[in-house]
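Coordinate analysis (summary)
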Amino acid sequence: MKISVIGTGYVGLVSGACFAQMGNSITCVDIDEKKIASLEEGIIPIYEPGLEEMVLENYKSGTLAFTTDAKTAIANSRICFIAVGTPMGEDGSADLQYVLAVAKTIGESMEDYLVVVDKSTVPVGTADKVRDTIQAALDTRGVDIEFDVVSNPEFLKEGAAIQDFMRPDRVVIGADNQKALDIMHDLYAPFMKTRDRFIAMDIKSAEMTKYTANAMLATKISFMNEISNICERVGADVNQVRNGIGSDSRIGYSFIYPGCGYGGSCFPKDVQALAKTAKDYGYEPKILDAVEAVNYAQKKVISTKVINHFGTDLKGKTFAVWGLAFKPETDDMREASAITIINELTALGAEIVAYDPKARHEAENHYLKDNDNVRYEDSKYDVLKNADALILVTEWQEFRSPDFDEVKKLLKSPIFFDGRNQFDKKRMNEIGFEYYQVGVNV
Ligand SMILES: NC(=O)c1ccc[n+]([C@@H]2O[C@H](COP(=O)([O-])OP(=O)(O)OC[C@H]3O[C@@H](n4cnc5c(N)ncnc54)[C@H](O)[C@@H]3O)[C@@H](O)[C@H]2O)c1
């Protein structure tokens, strides 16, 4: 099937590569000329396990192409995916300017029947806006071309995106007619060979499903973080509490790990966008606002522990930071807890020496580029030299079993603030660390 994917970011590039892998003919489009030029040279703009190999293989075999020419790509497609960003607007709502700009281009470019797929995470009612925008552009051209708009929210996780896309738990399609639904089913059938995981529903429910999934996961995290703050005050150990509740199959272990807050390109903006949608429709959300408020505060939990230990004047202090990405196995730093923690500490005079296996370039060139008090090293041990303490922010696998003798030797004193509760506190104390974690009273 001939498909155009408009927006070649985390979702667009992964979707394009995976559809191409199944033998479809894919054109990935972006307005970012530099990004497209790099992709054509075989340089992959993001880190995602398995992505580089898949993109290069399909680019070489001709099933995957890159262009800035949206018009031609759309004119030659049977399906057109919209996968551009929907960042948070000033009032918390999803900013639809990129989605609607693409819709206008689609109306200006399509030549034949087209299934237009909203893959970006968009609020309820966006499919109607996309349809109206396309129709207005067709009317301006004075042409009458049939098209359908469907909603196909994406559930991939950064860090496991290829795996999630190739073997999805479910494929949700919101559609209002059988023809579009059948085309989408044909497209996804190769990804569901062992069992059909296609869930068809109406468009608004599909749009709502994506926000509900993210809000549910964010709620679990914030709930557990709130419990961790209570544990800390009453003298309980949240790690033991987590074990105690996770063993209940109704609760489960996933997304109840306490830590220094969630970040990323989805949870923070999607929780707030859903809350804004609720308010727009006259409902005052209570849980969603609380989820966001708990997370905002949680990002400061580790810097507060550092301040409680070292005082509010951190001039002359240096902290080693392990991990900058919002989670392991990605270089994405959007809304990462590391940004809050580092900026809080440097505002009090501290120097930071940071290491992340993949996200250094994002920090240096974007998220922390204006912070002159941050230096970077290329190994987890190099950042420790003469640092006053170690702060773990992202739980990359390589931080799970470090050589603690080496860590102690390199640090000025063996003080360790663990924002992801990676180690057993008793054990860490036994091997000589002053060890602080989330939700455990020290
Ligand atoms: N990143 C994730 O893990 C994830 C998961 C599920 C859903 N989503 C949703 O998918 C959407 C895309 O997210 P992302 O992380 O891939 O975003 P991204 O910022 O990585 O990529 C968006 C791309 O769209 C391009 N773009 C913007 N306007 C364009 C236009 N008019 N024409 C062509 N290209 C244009 C940008 O240059 C950029 O390369 C968002 O709505 C997001 O909420 C993201």
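Residues numbered from 1 in each chain as written. Predicted model: local features only at pLDDT ≥ 70, side-chain atom pairs only at ≥ 80, totals over all residues. Heavy atoms only, no water.

1. Side note on the sheet that holds strand S13 (residues 415–418)
Paired through backbone hydrogen bonds, the strands of a sheet run either parallel or antiparallel to each other. Here we have six strands laid out as an open sheet, ordered S11-S10-S9-S12-S13-S14, and parallel in their pairing. At either margin of the open sheet sits one strand with a lone partner, and together these are strand S11 (374–376) and strand S14 (434–437). If you compare each strand with its neighbour and ignore which way they point, the axes differ by 20° on average. As paired strands, strand S12 (residues 389–392) and S13 are joined by three bridges and run parallel to one another. By the bridge assignment, Leu 392 is partnered in S13 with Asp 418. Contacts from helix H13 (residues 301–310) reach strand S9 (318–322), S12, S13 and S14 within the one sheet, and its direction differs from that of S13 by about 155°. Helix H14 (residues 337–347) rests against S9, strand S10 (351–355), S11 and S12 of the sheet, and its axis sits at about 155° to S10. (Pairing = 2+ DSSP bridges. Helix = DSSP H or I, 4+ residues; strand = E, 2+ residues; numbered from the N terminus. Axes fitted to C-alpha atoms, helices over the stretch in contact; angles between N-to-C directions. Contact = heavy atoms within 4.5 Å.)

2. Describing the pattern of salt bridges
Going through the model one piece at a time under the given rule, you end up with 26 salt bridges. Measuring nitrogen to oxygen at the nearest pair gives 2.9 Å for the salt bridge that ties Asp 378 to Arg 360. With Asp 378 in the loop between S11 and S12 and Arg 360 in helix H15 (residues 360–367), the pair connects residues that are 18 residues apart, well separated along the chain. By relative accessible area, Asp 378 is classed as exposed at 59%. A salt bridge links Lys 385 to Asp 382, with the nearest nitrogen and oxygen atoms 3.3 Å apart. A network of salt bridges, in which partner residues are shared, links Asp 91, Lys 276 and Asp 280. (Salt bridge = Lys/Arg side-chain N within 4 Å of Asp/Glu carboxyl O. Buried < 20%, exposed > 50% of the residue type's maximum accessible area, 1.4 Å probe, protein only.)

3. Overview of the packing of aromatic side chains
All told, the structure shown has 22 aromatic pairs when counted by the stated rule. Ring plane angle 65° and centroid distance 5.5 Å describe the contact between Phe 19 and Tyr 188, whose orientation is recorded as edge-to-face. With a gap of 169 residues between them, Phe 19 in helix H1 (residues 10–21) and Tyr 188 in helix H8 (residues 178–188) connect regions that are remote in the sequence. Tyr 188 sits in the buried class, given a relative accessible area of 3%. Sitting over the ring of Phe 155, Arg 170 keeps its end group 3.6 Å from the ring centre. Stacked on the ring of Tyr 113, the Lys or Arg Lys 179 has its end atom at 3.6 Å from the ring centre. (Phe/Tyr/Trp six-rings, centres within 6.5 Å; stacked < 30°, edge-to-face > 60°. Lys NZ or Arg CZ within 6 Å of the ring centre and 35° of its normal.)

4. Quick look at the environment of Leu 410
In this fold, Leu 410 is placed in helix H16 (residues 404–410). The class for Leu 410 is buried, based on a relative accessible area of 17%. Along the chain, Leu 410 and Ala 389 lie 21 residues apart, while their C-alpha atoms are 10 Å from each other.

5. Quick word on the site of the ligand
Taken together, 26 residues lie around the ligand, and Asp 30, Lys 35, Thr 86, Glu 158 and Lys 269 are the ones closest in. Ile 31 places a main-chain nitrogen or oxygen 3.4 Å from a nitrogen atom of the ligand. Here the ligand loses 87% of its free accessible area of 840 Å² to cover by the protein chains. Taken together, the elements giving at least two residues each to the shell around the ligand come down to H1 and helix H5 (97–109). Residues that form the shell around the ligand fall into these classes: 10 nonpolar, eight polar and eight charged. (Near = heavy atom within 4 Å. Polar contact = N/O pair within 3.5 Å; in protein donor to acceptor, adjacent residues only side chain to side chain. Areas by Shrake-Rupley, 256 points an atom, 1.4 Å probe, with all protein chains shown as cover. Nonpolar A, V, L, I, M, F, W, Y, C, P; charged D, E, K, R; others polar.)

6. Some details on the environment of Met 333
Note that Met 333 resides in the loop between S9 and H14. What makes Met 333 buried here is its relative accessible area of 0%. The sequence separation of Met 333 and Thr 133 amounts to 200 residues, and the corresponding C-alpha distance is 33 Å. In this structure Met 333 touches Leu 324, Ala 325, Phe 326, Ile 339, Ala 359, Glu 362, Ala 363, Tyr 367 and Leu 368, once residues within four positions along its chain are discounted.

7. Remarks on the pairing of S10
Residues in a regular strand project their side chains so that they alternate between the two faces of the sheet. Burial analysis of S10 places four of its five residues in the buried class, which makes it a mostly covered element. Alignment of S9 against S10, held across five bridges, turns out to be parallel. Its bridge partner being in S10, Val 321 is matched across the sheet by Ala 354. Of the crossover connections in this fold, the one passing from S9 over H14 to the parallel S10 is right-handed. Strand direction decides the pairing type here: S10 and S11, joined by three bridges, are parallel. In the sheet register, Ala 354 faces S11, and the bridge partner there is Tyr 376. (Right-handed = clockwise from strand over helix to strand, strands pointing away.)

8. Side note on H8
Buried within H8 we find Ala 180, Leu 181, Ile 183, Met 184, Leu 187 and Tyr 188. Seen along its axis, H8 keeps its buried residues to an arc of 160°; they face one direction. Turned more than 90 degrees away from the buried face of H8, the exposed residues are Gln 178 and Asp 186. For H8, the N-terminal capping position is held by Asn 177, with its side-chain oxygen 3.0 Å away from the main-chain nitrogen of Lys 179. (Arc of directions from axis to C-beta.)

9. So, the side chain of Ser 265
Mapping Ser 265 onto the fold places it in the loop between helix H10 (238–246) and helix H11 (267–280). What Ser 265 contacts, discounting residues up to four positions off in sequence, is Glu 158, Asp 332 and Arg 334.

10. Considering helix H3 (residues 51–61)
In an α-helix, one turn spans 3.6 residues; hence positions three or four apart end up facing the same way. Restricting attention to buried positions, one finds in H3 the residues Leu 51, Met 54, Val 55 and Asn 58. The buried residues of H3 occupy an angular sector of 95° when the element is viewed end-on, so they sit on one face. Turned more than 90 degrees from where H3 packs its buried face, Glu 53, Lys 60 and Ser 61 sit exposed. On the buried face of H3, the contacting elements are H1, strand S3 (64–67) and helix H7 (161–166). A positive phi of about 90° marks Gly 62, the residue just after H3.

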